[in-house]
Amino acid sequence: MTTLAALNAASRDEFVALLDGVYEHSPWIAAAAFEQRPFATLAALKHALVQAVRAGGRDAQLALLRAHPELAGKAMVAGTLTAESSGEQQRAGLTACTPEEFATIQRLNAAYNARFGWPFIVAVRGPRGSGLTRTEIIATLQRRLASHPEVEFAECLRQVHRIAEIRLAEKFDTQPHQGRAVWDRAEALAAFSEPPYAERGELTVTYLSAAHRDCARLLARWMQDCGFDSVREDAVGNVVGVYEGATPGAPRLLTGSHYDTVRNAGRHDGRLGILVALEAVAALKAEGRRLPFAIELVAFAEEEGQRYAATFLGSSALTGDFDPAWLDQADAAGITMHDAMRAAGLPATMEAIAAERRDPACYLGYVEVHIEQGPVLAELDLPLGVVTSINGSRRWTGQITGLASHAGTTPMDRRRDAAAAAAEFVLAAERRAAAVPDAVATVGIVEVPGGSINVVPGRCRISLDVRATSDAARDAVADAVLADLAEIARRRGVDFTLTPTMQAPAAPSAPAWLARWESAVAALGLPVHRLPSGAGHDAMTLHRLMPQAMLFVRGGELGISHNPLETVTDDDAELAVAAFATLLDQLARE
């Protein structure tokens, strides 16, 4: 077993020897990381190794990829793999492929090498560390064959780092037990899904469905198992657990996230924040430790707005912003929210819902852990990031109206092409947002109703979504884009209509809470990276009532979310639990 103390005390040659095999046939990586000693944590060592690869340049990185053997390839058959690769491929079952599986992998390996020029690399131990199946490996290889070469090059390097992370855990004889508990609970929750999605193996849990009720019951049981002193379901279906402080009536730290999902969702959006807090409280309970404040964990029943047009329903009950009109909304089957609540055993009265409003005087603040849902942390090879602000957003839908005409007989200078105007609109939105730091603008709908190959489009449906870290920046971008659209319409002789559909204010993180998250990340030996959240979160709602700040956890697959490919690793989840626990400790000392 290797220790950090031994590494820190080693000579360069000894250091490289101790880390032999972590990166396949590439001792230069350990030699470069040697300069960063001493390492206070294993996370700091991992980061130094990653930075060594990043600084190595393209040629060294390509050589690193090419040092890896093909999966179920000639080296495996000949028995010439390194001990590390041999064990990994054997544990993944690649040495027991059926003839058909072996032939498929060989064919895909050849196609991959021909397309990219290096072997396909995937951490066969997977995001949990327990191993991917042969079916999962083959499906991943098939999917990634369609990647852009630059995207795939970066993904292979990330997979190399994941392989190294798992090998380091074995060298140091340490495992991410809390991270795996988080991962396993996410898998257990994903067992509940609604028809017809469940029959297709897809995850969908919308407000007060049978699957949603199953999730609520399981979350309540876990809260009890983890040592929360009281657990209840509130008037809107939030599951609320309280771990009391050292003294009665102590102020509370509020935390949580949502457990509903979008349709065909991933397993970690929202739920990760609940499960990380569960593990942190379970550790306090196991130690018999009470803090100078209580911890209130809320698993919010609804955030996604999938069954009813009532986004952030769960957290709105806590802030007193629950809209009574929501109760009369009907879902696609004609069931009103009021009736769905009654069927679920909830009171379905505004009196009961209003009673859930929290008194901010009783709370220190609100913190939330969440998967990033974006590519930034993955591209930077960082497991954690501190959220500076949740972007404010504005949305519109509408259409551009021109004149439908014959594609062959209408001269180019006489066209009133609605789609061409929409194309200019897309580029204008892109240009305006790119000029403002942390602003984004998206034209997500560009649709020609009843379009035909030989007709100049006379109508085009459009949308606009503008977000930024401050309301002023958001509005400045939006005003500029709308002015550009007016100019495009005037110049092209078309008309347009845009109707506002949503406006949400920005929610900047409270400076003191932002600093606490930064300190918690730094204590793990990691660099502190600050980034805004472009997506909305329950923290936006709680921001109206109390100070808030969020911690992001890196997502796999370039941060894809609202998608079955959404994932985190057990090691990153472990770091999230550790950061949460460190924040609790810091707050207790204060």
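Because the structure is a prediction, the values reported are computed rather than measured.

1. A few points about the overall build of the protein
Part 1 of the argument: In terms of helices and strands, the protein carries 23 helices and 16 strands.
Part 2 of the argument: The C-alpha atoms of the protein give a radius of gyration of 26 Å, which matches the 25 Å a tight globule of 590 residues would have.
Part 3 of the argument: Seen along its three principal axes, the alpha-carbon backbone of the protein occupies a region of about 75 × 70 × 45 Å.
Part 4 of the argument: Residues counted as buried form 54% of the 590 residues belonging to the protein.
Part 5 of the argument: Sequence separation of 24 or more characterises 77% of the internal contacts of the protein that already satisfy a separation of 6 or more.
Part 6 of the argument: Averaging the locations of the 56 positively and 72 negatively charged side chains of the protein gives two centres separated by 3 Å.

2. Overview of the environment of V367
Part 1 of the argument: With respect to the helices and strands, the residue V367 is situated in strand β5 (residues 363-371).
Part 2 of the argument: C-alpha separation for the pair V367 and W517, spaced 150 residues apart in sequence, amounts to 9.1 Å.
Part 3 of the argument: Those residues in contact with V367 that sit more than four places away from it in its chain are L253, L254, T255, G256, W513, W517, A549, F580 and L583.

3. Side note on the side chain of R185
Part 1 of the argument: With respect to the helices, strands and loops of the structure, R185 is situated in helix α11 (residues 177-189).
Part 2 of the argument: For R185, a relative accessible area of 17% gives the class buried.
Part 3 of the argument: Leave out the neighbours within four places in its chain, and R185 touches W222, C226, L275, L278 and E279.

4. Some details on the pairing of strand β6 (residues 384-390)
Part 1 of the argument: Counting buried positions along β6 gives six out of seven residues, so the element sits mostly inside the fold.
Part 2 of the argument: With three bridges joining them, β6 and strand β15 (residues 530-533) adopt parallel strand pairing. Counted as the bridge partner of V387 is L531 from β15.
Part 3 of the argument: As defined by bridge partners, β6 adjoins strand β14 (residues 507-508) across two bridges and the pair is classed as antiparallel.

5. Notes on the UniProt feature "domain: Peptidase M20 dimerisation" (unreviewed entry) in the protein
Part 1 of the argument: Here the UniProt-annotated "domain: Peptidase M20 dimerisation" (unreviewed entry) positions come out as residues 392-490.
Part 2 of the argument: With 37% helix and 29% strand, the stretch residues 392-490 has end C-alpha atoms that lie 30 Å from each other.

6. With respect to the domain arrangement of the protein
Interface extent is often summarised as the accessible area lost during association of the parts.
Part 1 of the argument: Each assigned domain of the protein is listed here: domain 1 (4-172), domain 2 (178-386 + 516-588) and domain 3 (392-505).
Part 2 of the argument: A separation of 36 Å is found between the C-alpha centroids of domain 2 and domain 3.
Part 3 of the argument: Contacts between the two partners involve five residues from domain 2 and, on the opposite side, five residues from domain 3.
Part 4 of the argument: Summing the contributions of domain 2 and of domain 3, the shared interface buries around 290 Å²; its carbon and sulfur component is 62%.
Part 5 of the argument: Interface area lost by domain 2 to domain 3 is led by P532, G534 and M540, which between them contribute 92%.

7. Thoughts on the packing of aromatic side chains
Part 1 of the argument: Going through the model one piece at a time under the given rule, you end up with eight aromatic pairs.
Part 2 of the argument: Among the aromatic residues, those joined into a cluster by ring pairs are Y112, F116, W118, F120 and F153.
Part 3 of the argument: Sitting over the face of the ring of Y243, R290 holds its NZ or CZ atom 4.2 Å from the ring centroid.

8. Quick word on the environment of D323
Part 1 of the argument: One can find D323 in the loop between α14 (313-319) and α15 (337-343).
Part 2 of the argument: Taking relative accessible area as the criterion, D323 reaches 33% and is therefore assigned partly exposed.
Part 3 of the argument: Distance in space between the C-alpha atoms of D323 and I390 is 22 Å, their sequence separation being 67 residues.
Part 4 of the argument: In this structure the side chain of D323 is engaged in a polar contact, spanning 3.0 Å, whose partner is the backbone nitrogen of A325.

Scoring rules and cut-offs
Residues numbered from 1 in each chain as written. Predicted model: local features only at pLDDT ≥ 70, side-chain atom pairs only at ≥ 80, totals over all residues. Heavy atoms only, no water. Helix = DSSP H or I, 4+ residues; strand = E, 2+ residues; numbered from the N terminus. Rg over C-alpha atoms; globule rule 2.2 N^0.38 Å. Buried < 20%, exposed > 50% of the residue type's maximum accessible area, 1.4 Å probe, protein only. Contact = heavy atoms within 4.5 Å. Lys, Arg positive; Asp, Glu negative; His and termini not counted. Charge placed at Lys NZ, Arg CZ, Asp CG, Glu CD. Pairing = 2+ DSSP bridges. UniProt positions renumbered as here; feature names shortened; annotations may be inferred. Domains from an automatic or database assignment. Buried area = accessible area lost by both parts, 1.4 Å probe. Phe/Tyr/Trp six-rings, centres within 6.5 Å; stacked < 30°, edge-to-face > 60°. Lys NZ or Arg CZ within 6 Å of the ring centre and 35° of its normal. Polar contact = N/O pair within 3.5 Å; in protein donor to acceptor, adjacent residues only side chain to side chain.

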